[in-house]
Amino acid sequence: MSITEQKTASAATSSSTSFAALPLNPATLANLAQLGYLEMTPIQAASLPTALAGKDLIAQAKTGSGKTAAFALALLTNLNPRRFAVQALVLCPTRELADQVTIEIRRLARATDNVKVVTLCGGVALRGQRASLEQGAHIVVGTPGRIMDHLAREYLNLEALNTLVLDEADRMLDMGFLDDIATVTKQCPKERQTLMFSATYPEGIEKLAKQFMREPVQIKVESLHTEALIEQRFYEVTRHTRLATVAQLLNHFRPISTLAFCNTKQQCKDLVTYLQEQGFSALALYGELEQRERDQVLAQFANRSCSVLVATDVASRGLDITQLEAVINVDITPDAEVHVHRIGRTGRAGESGLALSLASMNEMGFVGKIEQYQKHASVWHKVEELIPTGSGPLLPPMVTLQILGGRKEKIRPGDVLGALTADAGYTREQIGKINVTEFTTFVAVNRAIAQEAMQKLNAGKVKGKSVRVRLL
Ligand code: ADP
Ligand code: MG
């Protein structure tokens with residue numbers, strides 16, 4: 001089977017960006033308006049007409065471009081809520097992504113009565129998931145390995161499936177899920193719609209498509225148009241000055257949140273060690289972290305109590321972090337498309353962003369490829385211009401307190417907020433994000449009150465119980 005239609009779309013070529021132009025029911029349209037989805041994003045405008053027409057689709061667009069709603073609206077359209085069977089399956093590479101997708105599907109499904117979405121990922125007992133399935137699920141979102149477990153045990157039945165979604169397909173391939181995807185797909189009915197979403201288009205994607213899709217329409221939205229808001233600067237470094245230059249960039253620009261990309265895990269480790277020695281608040285995110293460690297790192301970065309997150313491309317895929325003042329390319333990637341994805345992490349949602357790239361002489365070839373791909377020359381600045389600004393070291397505005405106790409102890413964000421505001425007397429503004437995970441809770445508080453807030457929480461109660469709290 002071949003990919004029959006090639007199409008490159010952009011905001012400019014699509015005819016309408018109003019959701020009302022789509023064959024969606026009025027309740028769904030009203031819900032979209034309520035969610036503040038006033039216009040389709042370019043990938044939605046390019047893919048929804050095809051997806052809603054029931055065709056197979058390969059859609060490629062950068063992270064944060066609204067791909068979830070593009071497939072969620074399609075699978076919800078195919079769904080009959082009165083039929084108590086799994087009708088849609090979304091495969092995702094990681095638990096975090098599966099959780100994000102589940103949240104987005106639930107938001108979009110509010111317009112439809114009683115749609116049940118169940119998340120099936122590893123790291124959680126099978127028993128509870130089995131019970132959720134038994135209570136009736138219309139939509140299952142999960143990681144390939146865990147879905148296979150449920151299929152093997154016959155807890156999950158896909159006979160009534162009509163929509164299969166492969167989300168972040170490139171990342172699933174990177175993570176070696178090809179065989180698992182094949183195993184799962186073979187248990188889906190042949191008569192179905194298959195939708196594949198990806199940020200990049202490596203070779204394996206086409207193989208996957210040929211194996212499992214029927215004459216898919218291919219849609220790609222170029223991500224170049226967002227660049228206006230991103231200021232790119234290149235700096236020439238040597239092997240010996242690279243890490244120190246990262247510190248100079250941080251001291252000069254003083255971004256609150258920076259994502260620093262390295263090409264290798266080793267470079268990530270070296271940079272984090274160096275930055276920590278220099279007094280920066282930096283954490284590393286790379287493949288082999290345990291889920292628990294990953295959750296902790298992500299919570300600290302997202303709640304603004306860590307200045308720099310150092311990551312490889314694979315590890316950072318799918319992170320949905322708004323408010324990223326800067327991206328630093330510590331190494332130049334050999335893949336120009338990856339470069340565009342990296343820098344696209346900043347300058348989101350109309351905010352301006354800074355993309356700083358460090359290149360040594362032997363990376364100039366890669367810089368050339370990036371220039372060709374972006375169709376403009378790079379702007380070079382001198383390292384000598386990087387003088388420290390502001391007073392004192394760069395510190396994140398918040399500090400994370402970790403409460404030993406989470407969902408298992410029935411702690412909810414409101415309980416923690418109550419303990420800090422009503423009981424401890426802080427204002428809402430002094431408290432940042434509150435993340436409750438299964439066994440632990442992270443709460444960000446202003447740096448100035450962190451020590452005292454920890455003491456007050458340790459002395460007081462959350463949800464009527466004493467808790468143990470520590471500073472991260
Ligand atoms: P992707 O999967 O392409 O990385 P997401 O689907 O996670 O992107 O969407 C990124 C963000 O954009 C989400 O917070 C989502 O709620 C929001 N979003 C999606 N579609 C729209 C829209 N049409 N209008 C406004 N916000 C949207
Ligand atoms: Mg996505």
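Preceding block: the structure.
Residues numbered from 1 in each chain as written. Chains lettered and ligands numbered in written order. Predicted model: local features only at pLDDT ≥ 70, side-chain atom pairs only at ≥ 80, totals over all residues. Heavy atoms only, no water.

(A) Main features of the overall build of the protein. Within the protein one finds 17 helices and 21 strands. For 472 residues, the compact-globule formula gives about 23 Å, and the C-alpha radius of gyration of the protein, at 23 Å, lands near that figure. C-alpha atoms of the protein, sized along the principal axes, occupy 65 × 60 × 40 Å. Classification of the 472 residues of the protein by burial places 54% in the buried group. Considering only contacts within the protein whose residues lie at least 6 apart along the sequence, 76% involve residues at least 24 apart. (Helix = DSSP H or I, 4+ residues; strand = E, 2+ residues; numbered from the N terminus. Rg over C-alpha atoms; globule rule 2.2 N^0.38 Å. Buried < 20%, exposed > 50% of the residue type's maximum accessible area, 1.4 Å probe, protein only. Contact = heavy atoms within 4.5 Å.)

(B) Structural context of helix α17 (residues 450-459). If you check which residues of α17 are buried, you get A450, A453, M454 and L457. Along α17, the residues classed as buried sweep out an arc of 100 degrees about the axis, all on the same side. Elements that come into contact with the buried residues of α17 comprise β16 (398-404), α16 (413-423), β18 (440-446), β19 (461-462) and β21 (469-471). (Arc of directions from axis to C-beta.)

(C) Broad picture of the pattern of salt bridges. Throughout the structure, instances matching the rule amount to 16 salt bridges. Across the salt bridge formed by R130 and E134, the nearest N and O atoms sit 3.3 Å from each other. Of this pair, R130 and E134 both sit in helix α5 (residues 126-134), four residues apart, which is roughly one turn of that helix. Residue R130 is classed as partly exposed on the basis of its relative accessible area of 36%. For E231, the salt bridge is made with R233, and the minimal N-O distance between the two is 2.9 Å. You can call R233 buried: its relative accessible area is 17%. Within this structure, R242, D331 and E363 form a network of salt bridges that share partners. (Salt bridge = Lys/Arg side-chain N within 4 Å of Asp/Glu carboxyl O.)

(D) View of the packing of aromatic side chains. Throughout the structure, instances matching the rule amount to two aromatic pairs. Consider the rings of F234 and W380, whose centres lie 5.4 Å apart with planes at 45 degrees: the pair is tilted. Of the two residues, F234 sits in strand β9 (residues 230-236) while W380 sits in strand β15 (residues 380-381), which places them 146 residues apart along the sequence. Of the residues examined, F234 reaches a relative accessible area of 2% and is grouped as buried. Using a relative accessible area of 35% as the deciding quantity, one classes W380 as partly exposed. The ring centre of Y426 lies 4.9 Å from the NZ or CZ of K456, which sits over that ring. (Phe/Tyr/Trp six-rings, centres within 6.5 Å; stacked < 30°, edge-to-face > 60°. Lys NZ or Arg CZ within 6 Å of the ring centre and 35° of its normal.)

(E) Quick look at the site of ligand 1. Taken together, 14 residues lie near ligand 1, and Y37, E39, Q44, G64 and T68 sit nearest. In this structure, an oxygen atom belonging to ligand 1 sits 2.4 Å away from a side-chain N or O atom of Y37. In this structure, a nitrogen atom belonging to ligand 1 sits 2.8 Å away from a main-chain N or O atom of E39. Across the complex, the protein chains shield 76% of the 570 Å² of accessible surface that ligand 1 would expose by itself. When residues of the shell around ligand 1 are traced back to their parent elements, those giving at least two are α3 (67-77) and α4 (95-109). Its residues assigned to classes, the shell around ligand 1 shows two nonpolar, seven polar and five charged. (Near = heavy atom within 4 Å. Polar contact = N/O pair within 3.5 Å; in protein donor to acceptor, adjacent residues only side chain to side chain. Areas by Shrake-Rupley, 256 points an atom, 1.4 Å probe, with all protein chains shown as cover. Nonpolar A, V, L, I, M, F, W, Y, C, P; charged D, E, K, R; others polar.)

(F) Inspection of the sheet that holds strand β13 (residues 326-329) at higher detail. Spatial ordering of the open sheet is given by β11-β12-β10-β13-β14-β9-β15, a layout of seven strands whose pairing is parallel. Looking at which strands have only one partner, the edges of the open sheet turn out to be β11 (282-285) and β15. Two elements, strand β10 (residues 258-261) and β13, share four bridges in a ladder whose sense is parallel. By the bridge assignment for β13, F261 is matched with N329. Each of β9, β14 (353-359) and β15 is contacted by helix α15 (residues 364-374), which is oriented at about 160 degrees to β9, the strand it contacts most. (Pairing = 2+ DSSP bridges. Axes fitted to C-alpha atoms, helices over the stretch in contact; angles between N-to-C directions.)

(G) Highlighting the pairing of β10. Neither face of β10 is left uncovered, since the one carrying T258 and A260 and the one carrying L259 and F261 both have all their residues buried. With four bridges connecting them, β10 and strand β12 (residues 308-311) associate as parallel partners. Following the sheet pairing, F261 is matched in β12 by A311.

(H) Structural detail: helix α1 (residues 26-34). Buried residues of α1: T28, N31 and L32, and no others. Taken down its axis, α1 places every buried residue within 100 degrees of arc, on the same side. Residues of α1 that are exposed and point over 90 degrees away from its buried face: P26 and Q34. Summarising the contacts, the buried residues of α1 are in contact with α3 and α4. Backbone geometry just after α1 places G36 at a positive phi near 85 degrees.

(I) Spotlight on unusual backbone geometry. Within the chain, N114 stands out as a residue other than glycine whose phi angle is a positive 50 degrees. Overall, N114 belongs to the exposed group, its relative accessible area being 67%. The residue K375 is not glycine, and still its phi comes out positive at about 60 degrees. Relative to the helices and strands, K375 resides in the loop between α15 and β15.

Read these as layout, nothing more, since geometry by itself doesn't imply function.
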